[in-house]
Amino acid sequence: MTPRILAFAGSLRAGSFNKKLVRIAAEGARAAGAEVTLLDLRDLPMPIYDGDIEREQGLPPNARTFKSLLIDHHGVLLSTPEYNSQYPAVLKNAIDWASRQEPGDTPLMAFKGKIAAVMSASPGALAALRSQTLVRSLLLYLGMVVVPTQIGVARAAEAFDEAGRLKDEKQQAAIEALGAEAVRYVRALYPTSRAS
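Criteria and thresholds
Residues numbered from 1 in each chain as written. Predicted model: local features only at pLDDT ≥ 70, side-chain atom pairs only at ≥ 80, totals over all residues. Heavy atoms only, no water. Helix = DSSP H or I, 4+ residues; strand = E, 2+ residues; numbered from the N terminus. Buried < 20%, exposed > 50% of the residue type's maximum accessible area, 1.4 Å probe, protein only. pLDDT = per-residue confidence, 0-100. Contact = heavy atoms within 4.5 Å. Core = buried A, V, L, I, M, F, W, Y, C linked by side-chain atoms within 4.5 Å. Axes fitted to C-alpha atoms, helices over the stretch in contact; angles between N-to-C directions. Parallel < 35°, antiparallel > 145°, perpendicular 65-115°, else oblique. Pairing = 2+ DSSP bridges. Right-handed = clockwise from strand over helix to strand, strands pointing away. Expected span 1.5 Å × (residues − 1). Arc of directions from axis to C-beta.

**Student:** Sorry if this is basic, but what is going on with the overall build of the protein here?
**Tutor:** The helix and strand inventory of the protein stands at six helices and six strands. Element order for the protein, N to C, with α for helix and β for strand: β-α-β-α-α-β-α-β-α-β-β-α. Considering only C-alpha atoms, the protein reaches an extent of 50 × 40 × 25 Å along its principal axes. Relative to its full complement of 196 residues, the protein shows a buried share of 50%.

As structure tokens, then:
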């Protein structure tokens, strides 16, 4: 069984530090034997969750695509920025849509039993760890198995080189190791996951 990992950042910005960070974790997951799908939420714009839209039209097409990707992968690598001490609205909105139960679904089937490795990057000194903690709590509530390792990159504006790698070799290795750790968790806990 080849572990399948979905990697994305909770940011829309083209030059996002968190997009760079999750790509590094994806490298580590691939090196550990996973098949990794890199996703940019900018490519899947979704309306703000609205119960009337859901009732009248069902899930919007991009929300259904995102939900299907979660279902079809064993776990996620997720990197989050921090906006006003919270995780971004675009991330919460995507998760809200994907959590909606459709006919034939089991409750929270896009999340339950899946593995999640969470990381963060910020231009500030706190490395978006407040946001990361909240994201971890949310994913646990949704039934995901969250890898315990917690890594944040502070002062991210100076942390990456022109190729998108971390200048600090120990940080680079730690983020790659987090990606590999997610793969180990998938292999150990996959029986709880719906994906095959």
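That covers the picture; the talk isn't over yet.
**Student:** Would you mind showing me how to read the confidence of the model for the protein here?
**Tutor:** If pLDDT is low for a region, its predicted coordinates should not be looked at in detail. Per-residue pLDDT for the protein has a mean of 95; in total, 97% of the residues score no lower than 70. pLDDT under 50 marks residues 192-196. Its contacts with residues more than four places away, or in other chains, come to 17 contacts.

**Student:** Sorry if this is basic, but what is going on with the nonpolar core here?
**Tutor:** Nonpolar side chains tend toward joint burial in soluble globular proteins. If you look at the biggest cluster of nonpolar residues, it comprises 30 residues, and the most contacted ones within it are F8, F66, L70, F111 and L139. Going through the elements one at a time, strand 1 (4-9), helix 3 (61-72), strand 3 (75-80), helix 4 (89-98), strand 4 (115-121) and helix 5 (129-141) are the ones with two or more residues in this core. With five residues, helix 4 is the single largest residue contributor to this core. Counting 28 residues, the second-largest nonpolar core is a separate cluster that includes I115, M119, I175 and V183.

**Student:** How should the packing of helix 3 against helix 4 be read in this particular structure?
**Tutor:** Each pair of packed helices can be summarised by the angle the axes make with each other and by the distance between the axes. As a packed pair, helix 3 and helix 4 sit with axes 9 Å apart at the nearest point and diverge in direction by 80°. One finds that helix 3 runs roughly perpendicular with respect to helix 4. Contacts between helix 3 and helix 4 pair A63, F66, K67 and L70 from the former with A94, I95, W97 and A98 from the latter.

**Student:** I keep staring at the pairing of strand 4 and nothing clicks. Help me out?
**Tutor:** Regular strands have side chains that alternate between both faces of the sheet. Extensive coverage of strand 4 is indicated by the burial of seven of its seven residues. The alternating pattern of strand 4 places I115, A117, M119 and A121 and A116, V118 and S120 on opposite faces, both of which are buried. Relative to strand 4, strand 3 is paired through six bridges, and the arrangement is parallel. Looking at the pairing, T80 lines up with S120 of strand 4. Regarding topology, helix 4 serves as the crossover connection from strand 3 to the parallel strand 4, and that connection is right-handed.

**Student:** Could you clarify how one ought to interpret helix 3 in this entry?
**Tutor:** One full turn of an α-helix is made of 3.6 residues, so residues set three or four places apart face in the same direction. Along its twelve residues, helix 3 runs 16 Å from first to last C-alpha, staying within 8% of the 16 Å computed at 1.5 Å per residue. Inspection of helix 3 places A63, F66, K67, L70 and I71 among the buried residues, and these make up the whole buried set. Taken end-on, helix 3 shows its buried residues confined to a sector of 140°, consistent with a single buried face. Those residues of helix 3 that are buried are in contact with strand 1, strand 2 (35-39), strand 3 and helix 4.

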